[in-house]
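Structure at a glance
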Amino acid sequence: GEDVEQSLFLSVREGDSSVINCTYTDSSSTYLYWYKQEPGAGLQLLTYIFSNMDMKQDQRLTVLLNKKDKHLSLRIADTQTGDSAIYFCAESIGGGYQKVTFGTGTKLQVIP
Amino acid sequence: DTAVSQTPKYLVTQMGNDKSIKCEQNLGHDTMYWYKQDSKKFLKIMFSYNNKELIINETVPNRFSPKSPDKAHLNLHINSLELGDSAVYFCASSQGTLLFFGPGTRLTVL
């Protein structure tokens, strides 16, 4: 299966950490991604992780991958109002051309 | 600017009309895509082209016809537009594993 699921909404206070969670069903995923979509804009790649890794850190972003549970999370440290957006988890299955399947998106609201 | 660009940004039209959306990328990528995002923000792949050849076609009605005149362009033509076609259509390109998206075309069918 190719289902990628996320909770729909998350609200945090400015300065707190945000954790956005994602579950996927296809165990043959090779790459997992986090994209950010601001209102009226396209999707912007934030970070990605190869399936043989369990963690990746990039400045305020930390990605954790639990391959056994097929669970991916994105932690944003010191969340700012500019982080308010919809965050999409996505997976791709390797072997040839990329077919990337997106999650349902999590709307992050940052309260000043 | 190196980017994926789409035109038009907004498209409002009547049911039954035929319309086209254009996409261009100057990133030198071999693969281009069309995605549809519905009102609930759900994003679903429609088509993918690699070096002008169709490689993914995801159960999209025949009224949708992609055309890739060269590997930097992927256009989407839609015949006999229906109310349910209203959505935001995103073009994307990739070289390897990373997708780069255009700004989207918001299509409204009245």
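As the structure is a prediction and not an experimental result, all values here were calculated from the model.

Conventions adopted
- Residues numbered from 1 in each chain as written.
- Chains lettered and ligands numbered in written order.
- Predicted model: local features only at pLDDT ≥ 70, side-chain atom pairs only at ≥ 80, totals over all residues.
- Heavy atoms only, no water.
- Helix = DSSP H or I, 4+ residues; strand = E, 2+ residues; numbered from the N terminus.
- Buried < 20%, exposed > 50% of the residue type's maximum accessible area, 1.4 Å probe, protein only.
- Contact = heavy atoms within 4.5 Å.
- Areas by Shrake-Rupley, 256 points an atom, 1.4 Å probe, with all protein chains shown as cover.
- Lys, Arg positive; Asp, Glu negative; His and termini not counted.
- Charge placed at Lys NZ, Arg CZ, Asp CG, Glu CD.
- Rg over C-alpha atoms; globule rule 2.2 N^0.38 Å.
- Pairing = 2+ DSSP bridges.
- Axes fitted to C-alpha atoms, helices over the stretch in contact; angles between N-to-C directions.
- Disulfide = S-S within 2.5 Å.
- Phe/Tyr/Trp six-rings, centres within 6.5 Å; stacked < 30°, edge-to-face > 60°.

This part covers the overall build of chain B. Looking only at helices and strands, chain B features zero helices and 11 strands. Scanning chain B from its N terminus toward the C terminus, one meets helices and strands in the order β-β-β-β-β-β-β-β-β-β-β. Across its three principal axes, chain B shows a C-alpha extent of roughly 35 × 25 × 25 Å. Out of the 110 residues belonging to chain B, those deemed buried represent 46%. Counting only contacts in chain B whose residues sit at least 6 apart along the sequence, the fraction spanning at least 24 positions is 53%. A total accessible area of about 5400 Å² is found for chain B, and carbon and sulfur atoms account for 51% of it. A distance of 5 Å separates the average location of the 12 positive side-chain charges in chain B from that of its 10 negative side-chain charges.

Along the backbone of chain A there are zero helices and 11 strands. When the helices and strands of chain A are placed in sequence order, the string is β-β-β-β-β-β-β-β-β-β-β. For chain A, whose C-alpha radius of gyration is 14 Å, the value lies close to the compact-globule estimate of 13 Å for 112 residues. Over its C-alpha atoms, taken along the principal directions, chain A stretches across nearly 45 × 30 × 20 Å. Looking at chain A residue by residue over its 112 residues, the buried ones come to 43%. For chain A, long-range pairs separated by at least 24 residues make up 56% of all intrachain contacts whose partners lie at least 6 apart in sequence. The centroid of the 10 positive side-chain charges in chain A is displaced by 1 Å from the centroid of its 13 negative side-chain charges.

Here we come to the sheet that holds strand β3 (residues 19–25) of chain B. Residues and elements named next belong to chain B. Strand order in the open sheet made by the four strands is β1-β3-β8-β7, with antiparallel pairing throughout. At either end of the open sheet lies a strand with only one pairing partner, and these are β1 (4–7) and β7 (64–70). Taking each pair of neighbouring strands and ignoring which way they run, the sheet shows an average axis angle of 20 degrees. Where β3 lies against strand β8 (residues 73–78), four bridges are found, and the strand directions are antiparallel. Paired with lysine 19 across the two strands is isoleucine 78, which belongs to β8.

Okay, the sheet that holds strand β7 (residues 61–66) of chain A next. All names here are of chain A. Strands sit in the order β1-β3-β8-β7-β6 across an open sheet of five strands; the sheet is antiparallel. Single-partner strands in this sheet number two, and they are β1 (4–6) and β6 (55–58). For this sheet the average axis-to-axis angle between neighbouring strands, irrespective of direction, equals 15 degrees.

On to the state of the cysteines, then. All names here are of chain B. Applying the stated criterion across every chain, the model contains two disulfides over all chains. One disulfide in the model links cysteine 23 with cysteine 91; its S-S distance is 1.8 Å. Handedness of the cysteine 23-cysteine 91 disulfide follows from its S-S torsion of about -75 degrees: it is left-handed. Placement of the pair is cysteine 23 in strand β3 and cysteine 91 in strand β9 (residues 87–94), with a sequence separation of 68 residues.

Here we come to the packing of aromatic side chains. For the coordinates displayed, the defined rule picks out 14 aromatic pairs over all chains. On the basis of an interplanar angle of 90 degrees and a centroid distance of 5.4 Å, the ring pair of A:Phe102 and B:Tyr35 is categorised as edge-to-face. Remark: B:Tyr35 occurs in strand β4 (residues 31–37) and A:Phe102 occurs in strand β10 (residues 100–102); the pair is interchain, linking two chains. The exposure classification of A:Phe102 matches that of B:Tyr35, with both residues buried.

Another point: the pairing of strand β5 (residues 43–50) of chain A. Across a regular strand the side chains alternate sides, sitting on one face of the sheet and then on the other. All names here are of chain A. Direction of pairing for strand β4 (residues 29–37) relative to β5: antiparallel, over a ladder of seven bridges. Note on β5: the bridge partner recorded for tyrosine 33 is tyrosine 48. The hairpin formed by β4 and β5 contains five residues between the paired strands, and glycine 40 there has a positive phi angle of roughly 70 degrees.

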